[in-house]
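Listed here are the chains, written in short residue letters.
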Amino acid sequence: MAHVDDQRVARVLDALEAQHPGAQLLVNDPWSIYYLTGFYADMFERFCGVLLARGAEPVILVNALHQLPEYDNARVAYHTDTDVVTDAIAREVNPTKPLGIDTVMRSGFLMPLMERHAASEFFLGDFAVTAARTHKDAAEQELMRASSAANDAVMADAIKLVHEGVTEREIADQMLGLYRKHDCEGFSFPPIVSFGANAGDPHHEPDDTVLKRGDVVLFDIGGRRCNYCSDMTRTFFWGEPDEETARIYDIVRRANEAAEALIAPGVRMCDLDRAARDVIEDAGYGQYFTHRLGHSIGLQDHEPGDVSLVNEQVVEPGMTFSIEPGIYLPGRTGVRIEDLALVTESGVEILNAYPHDPVRLD
């Protein structure tokens with residue numbers, strides 16, 4: 001028999017009620033549904049949602065194409081492809097109360113509900129789920145550790161694929177096998193493998209570029225293990241790096257470690273970004289650090305919340321996010337070093353054990 005996580009539901013409803021007392025919440029994001037119920041499926045054009053309200057059992061609304069197990073603390077309400085989905089949703093929603101919806105709810109479902117006044121008002125309510133998912137519980141923290149440990153092992157295997165004459169695409173095509181070898185379901189995002197000048201593009205897609213002596217070799221990789229994501233970037237050298245590449249590697253490394261040393265409850269996200277950015281700016285490369293310092297991560301590689309100059313949110317225990325400063329010289333070279341951080345009660349645990357030391361692979 002399946003079970004909805006009562007503690008997670010309570011945290012979501014507490015956050016909801018703090019801003020919208022007496023409201024209902026309709027959760028549509030597939031990973032938020034999984035977080036609450038343990039059920040995940042890509043719905044494509046079909047509807048799936050979890051309706052939450054204080055004092056009522058959760059209701060899982062799902063197409064009958066997906067037959068769920070019986071829940072001991074929730075009700076499953078099925079509809080079919082021949083049903084009017086709006087009717088199926090409206091039957092469960094209390095029309096006298098406000099209804100929170102999340103950012104992924106399709107307008108094709110939302111607009112008909114609004115037109116028939118299925119709730120007393122509608123508001124954006126996924127902040128309540130975000131607040132809960134941002135703080136990983138003990139079980140989630142263990143899953144994040146295991147996922148990053150697997151990613152460390154994959155990185156150690158991946159660098160063995162590097163050799164004279166290999167292409168980025170040839171390496172990237174072998175990465176899925178490495179994740180399966182280390183008990184991952186697959187990627188948390190498509191792997192980035194960048195040689196030489198391609199490393200100057202932060203989100204370069206692997207192509208037929210051939211490795212040549214003097215190139216940097218950048219791996220930005222992550223896997224999904226027990227549905228929790230890892231994400232790590234390391235930059236290596238094939239042959240002796242030129243003076244500037246060696247210099248920017250040292251700058252990025254110091255920027256990464258300056259931010260990580262500052263992580264503790266009570267520090268603001270913007271202060272972490274500033275700590276890393278100051279190192280890069282002081283070295284004269286500020287214009288070449290072109291993105292925020294990091295992003296939240298968990299069931300998804302990029303979850304709501306980030307480590308950026310504009311985010312004044314205070315760091316709290318249980319948060320997990322990336323620290324990934326970089327310097328990108330377009331058409332020439334690039335360096336990024338990325339770790340995942342888990343905030344503890346007293347400081348931080350860096351989830352990646354893979355070292356920051358500059359390494360030649362030849």
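Structure shown above.
Presented here is an overview of the structure given in this document. Since we're looking at a predicted model, the values are computed, not measured. (Residues numbered from 1 in each chain as written. Predicted model: local features only at pLDDT ≥ 70, side-chain atom pairs only at ≥ 80, totals over all residues. Heavy atoms only, no water.)

Thoughts on the side chain of N256
Rules: Elements are defined by DSSP. Helices are runs of H or I of four residues or more, strands are runs of E of two residues or more, and each kind is numbered from the N terminus. Within 3.5 Å is the distance limit for a polar contact, defined as a pair of N or O atoms, with the added protein rule that one can donate a hydrogen and the other accept it, and that residues adjacent in sequence qualify only through two side-chain atoms.
As for its position among the elements, N256 is in helix 9 (residues 243-262). Looking at N256, its side chain comes within polar contact range of the main-chain oxygen of I323, at 3.4 Å.

Notes on the pattern of salt bridges
The following threshold applies: Each salt bridge in this description consists of a side-chain nitrogen of Lys or Arg and a carboxyl oxygen of Asp or Glu lying within 4 Å of one another. For the exposure calls, accessible area comes from a 1.4 Å probe over protein chains only, and a residue counts as buried if that area is under 20% of its type's maximum, exposed if over 50%, partly exposed in between.
One pass over the structure, following the stated rule, counts 36 salt bridges. One salt bridge in this structure joins D250 and R254, with 3.1 Å as the shortest N-O distance. One end of the pair, D250, and the other, R254, are both in helix 9, 4 residues apart, so they sit about a helical turn from each other. Overall, the relative accessible area of 38% leaves D250 in the partly exposed class. A single network of salt bridges, built from pairs that share partners, joins E164, R213, E240, R360 and D362.

Here's the deal with helix 1 (residues 6-19)
Under the convention used in this document: By this rule, a helix spans an expected 1.5 Å times one less than how many residues it contains. By definition, the arc is the one covered by directions from the helix axis to the C-beta atoms.
Here helix 1 is 14 residues long and its end C-alpha atoms lie 20 Å apart, about the 20 Å a rise of 1.5 Å per residue gives. Looking only at helix 1, the buried set comprises R8, V9, V12, L13 and L16. Buried positions in helix 1, seen along its axis, are confined to an arc of 130 degrees and lie on one side of it. Turned more than 90 degrees away from the buried face of helix 1 sit Q7 and A18, all of them exposed. The distance from a side-chain oxygen at the start of helix 1 to the backbone nitrogen of Q7 is 3.1 Å, and the residue carrying that oxygen is D5.

Digging into the sheet that holds strand 11 (residues 228-229)
Defined as follows: A pair of strands is labelled paired if DSSP reports no fewer than 2 bridges between them.
Strand order in the open sheet formed by 3 strands is 7-10-11, with antiparallel pairing between adjacent strands. Each having just a single partner strand, strand 7 (186-187) and strand 11 make up the two edges of the open sheet. Direction of pairing for strand 10 (residues 223-225) relative to strand 11: antiparallel, over a ladder of 2 bridges. What sits directly across from R225, in strand 11, is Y228.

Focus: helix 5 (residues 127-134)
Threshold: We call two residues in contact whenever any of their non-hydrogen atoms come within 4.5 Å of each other.
Residues of helix 5 that are buried: A128, V129, A132, R133 and T134. Structurally, helix 5 contributes buried residues whose contacts are with helix 1, strand 1 (24-27), helix 2 (30-37), strand 14 (303-307) and strand 15 (320-323).

A word on the nonpolar core
Our working definition: Residues enter a nonpolar core if they are buried and are Ala, Val, Leu, Ile, Met, Phe, Trp, Tyr or Cys, with the set joined through side-chain atoms within 4.5 Å.
Formed by 36 residues in total, the largest nonpolar core has its most connected members in V12, V27, F39, L52 and Y71. Looking at this core, the elements that each hand over two or more residues are helix 1, strand 1, helix 2, strand 2 (48-53), strand 3 (59-63), helix 5, strand 11 and strand 18 (339-343). Judged by nonpolar contacts, the second largest core, of 32 residues, contains A276, V307, I323 and I327.

A closer look at the packing of helix 9 against helix 10 (residues 269-282)
How two helices pack is summed up by the angle between their axes together with the distance between the axes. Put simply, the test is: Geometry is summarised by axes, namely lines fitted to C-alpha atoms with helices restricted to the contacting stretch, and by angles between N-to-C directions that run from 0 to 180 degrees. For classification purposes, an angle smaller than 35 degrees is called roughly parallel, one larger than 145 roughly antiparallel, one from 65 to 115 roughly perpendicular, and anything else oblique. Each crossing gets its hand from how the near helix is turned against the far one by less than a right angle, where anticlockwise is left-handed and clockwise is right-handed. All residues other than Ala, Val, Leu, Ile, Met, Phe, Trp, Tyr, Cys, Pro, Asp, Glu, Lys and Arg, Gly among them, are scored as polar; the first ten of these are nonpolar and the last four charged.
Contact geometry of helix 9 with helix 10 gives a least axis separation of 8 Å together with a crossing angle of 155 degrees. Taken together, the axes of helix 9 and helix 10 lie roughly antiparallel to each other. Of the two possible hands of crossing, helix 9 and helix 10 adopt the one that is right-handed. For the pair helix 9 and helix 10, the contacting residues are I251, R254, A255, A258, A259 and L262 in the first and D271, L272, A275, A276, V279 and I280 in the second. By residue class, the composition of the contact of helix 9 with helix 10 is 10 nonpolar, no polar and 2 charged.

Re the packing of helix 3 (residues 85-92) against helix 4 (residues 107-115)
Taken N-terminus to C-terminus, the directions of helix 3 and helix 4 make an angle of 60 degrees; their axes are 10 Å apart at the nearest point. By the criterion of interaxial angle, the relationship of helix 3 to helix 4 is oblique. At the point where helix 3 passes helix 4, the crossing takes the right-handed sense. In this structure, helix 3 contributes V85, T86, I89 and A90 to the contact, and helix 4 contributes F109, P112 and L113.

Things to note about unusual backbone geometry
Of all residues except glycine, most have a negative phi; of all peptide bonds, most are trans. Phi is positive for D183, close to 65 degrees, though the residue is something other than glycine. Along the chain, D183 falls in the loop between helix 8 (175-181) and strand 7. Residues other than glycine seldom take positive phi values, yet C226 does so here, at roughly 50 degrees. The class of C226 is partly exposed, set by a relative accessible area of 38%.

Section: the packing of aromatic side chains
We count it as follows: Here a Phe, Tyr or Trp ring, Trp counted by its six-membered ring, pairs with any other such ring whose centre lies within 6.5 Å, and the pair is stacked when the planes are under 30 degrees apart, edge-to-face when over 60, and tilted otherwise. Two limits define a charge over a ring: the Lys NZ or Arg CZ must be within 6 Å of the ring centre, and within 35 degrees of the ring normal.
Within this structure, the stated rule accounts for 8 aromatic pairs. Measuring from ring centre to ring centre gives 4.1 Å for W31 and Y40, while their planes differ by 25 degrees; the resulting arrangement is stacked. Looking at Y40, the relative accessible area reads 31%, which means it is partly exposed. Here the basic side chain of R277 rests over the ring of F289, its NZ or CZ set 4.0 Å away from the ring centre.

Some remarks on the sheet that holds strand 5 (residues 99-101)
The strand order 4-3-2-1-5-6 describes an open sheet built from 6 strands, whose pairing is mixed. Every other strand in the sheet has two partners, leaving strand 4 (75-79) and strand 6 (122-124) as the edge strands with one partner each. Direction aside, neighbouring strands of the sheet carry axes that sit 25 degrees apart on average. Taken together, the 3 bridges between strand 1 and strand 5 define a ladder with parallel strand orientation. Residue L25 lies in a different strand from strand 5, and its bridge partner there is G100. Seen against the sheet, helix 2 touches strand 1, strand 2 and strand 3 and runs at an angle of roughly 55 degrees to strand 2.

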